[in-house]
Amino acid sequence: MKINLKNNKRMVIVCCLLLISMATLFVWPKSNKEYIVAAQELMDLTANIRTYFQHRPDFWGLNTQMVLDKKLHTHTMLRNGILLSSLGNQVLIGKGVDAEIIMPTAKSFDVVYKNLTKKQCMGLLLAEYDQKFWLSISGLSIVFKQKEVLFSWADKEHKLPITRAAAKKFCHNGATVVWHNE
């Protein structure tokens, strides 16, 4: 019996490709689903905040504690009295990276996702958001080691919506993402 090495190599390559394809099918949808859930959570949270403030002249008094007290968050975000995303990271509401309380006449607020891994940062930024959400976003910032990169609709270098290449370049383990809402 003669063994054909050429056919055996082909068979090994085909089996490896098949295994990789199957692994991708099992892993990819799960990881993609967690960012779909996180994106929906963010859209719901910002919509709830806007609805609460729709008949007020500004966002005066808005902060994380108010969101907790008025139950403006989705029911899954509250864990042990702390606002957490479905990704497991702390979420803060207010102004700026430290989510300070919103002062009178402020027409905008920020949603801050703290201490993201690079993968979480990229997944959150590259998730699909509906048009209504994007129309309410004036910009987003990626903050890492005291350096902040602002992405906005008008910026030529750092334009919204963020690209995969930009997310990969600016997302790092320990990064904070700040969504600037109007």
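Residues numbered from 1 in each chain as written. Predicted model: local features only at pLDDT ≥ 70, side-chain atom pairs only at ≥ 80, totals over all residues. Heavy atoms only, no water.

Q: What am I meant to see in the overall build of the protein here?
A: A tally of regular secondary structure across the protein gives five helices and seven strands. Reading the helices (α) and strands (β) of the protein from amino to carboxyl end gives α-α-β-β-β-β-α-α-β-β-α-β. The contacts in the protein between residues at least 6 apart in sequence include a share of 63% that link residues at least 24 apart. Accessible surface, the protein as shown: approximately 11500 Å² in total, 61% of it carbon and sulfur. (Helix = DSSP H or I, 4+ residues; strand = E, 2+ residues; numbered from the N terminus. Contact = heavy atoms within 4.5 Å. Areas by Shrake-Rupley, 256 points an atom, 1.4 Å probe, with all protein chains shown as cover.)

Q: Help me understand the nonpolar core, please; the structure alone is not making it clear to me.
A: The tendency in soluble globular proteins is for nonpolar side chains to be buried side by side. By size, the foremost hydrophobic cluster in this structure holds 47 residues, and its most contacted members are I49, L62, I93, L125, Y129, I142 and W179. Considering every element that reaches this core, the biggest residue donor is helix α1 (residues 5–53), with eight residues. Among residues more than four places away in sequence, those in contact with L62 are I49, F53, V67, I93, G94, E100, I101, I102 and F109. (Core = buried A, V, L, I, M, F, W, Y, C linked by side-chain atoms within 4.5 Å. Buried < 20%, exposed > 50% of the residue type's maximum accessible area, 1.4 Å probe, protein only.)

Q: Just to check I follow, could you spell out the state of the cysteines for this structure?
A: Simply put, disulfide is the name for a covalent bond between the sulfur atoms of two cysteines. Inspection of every chain in the model, using the stated rule, returns one disulfide. Covalently, C121 is tied to C171 through a disulfide, its sulfur atoms 2.1 Å apart. Judged by the sign of its S-S torsion, about -65 degrees, the cystine formed by C121 and C171 is left-handed. Of this pair, C121 sits in helix α3 (residues 118–126) while C171 sits in the loop between α5 (164–170) and β7 (175–181), and the two are 50 residues apart along the sequence. The same class applies to C121 as to C171, namely buried. (Disulfide = S-S within 2.5 Å.)

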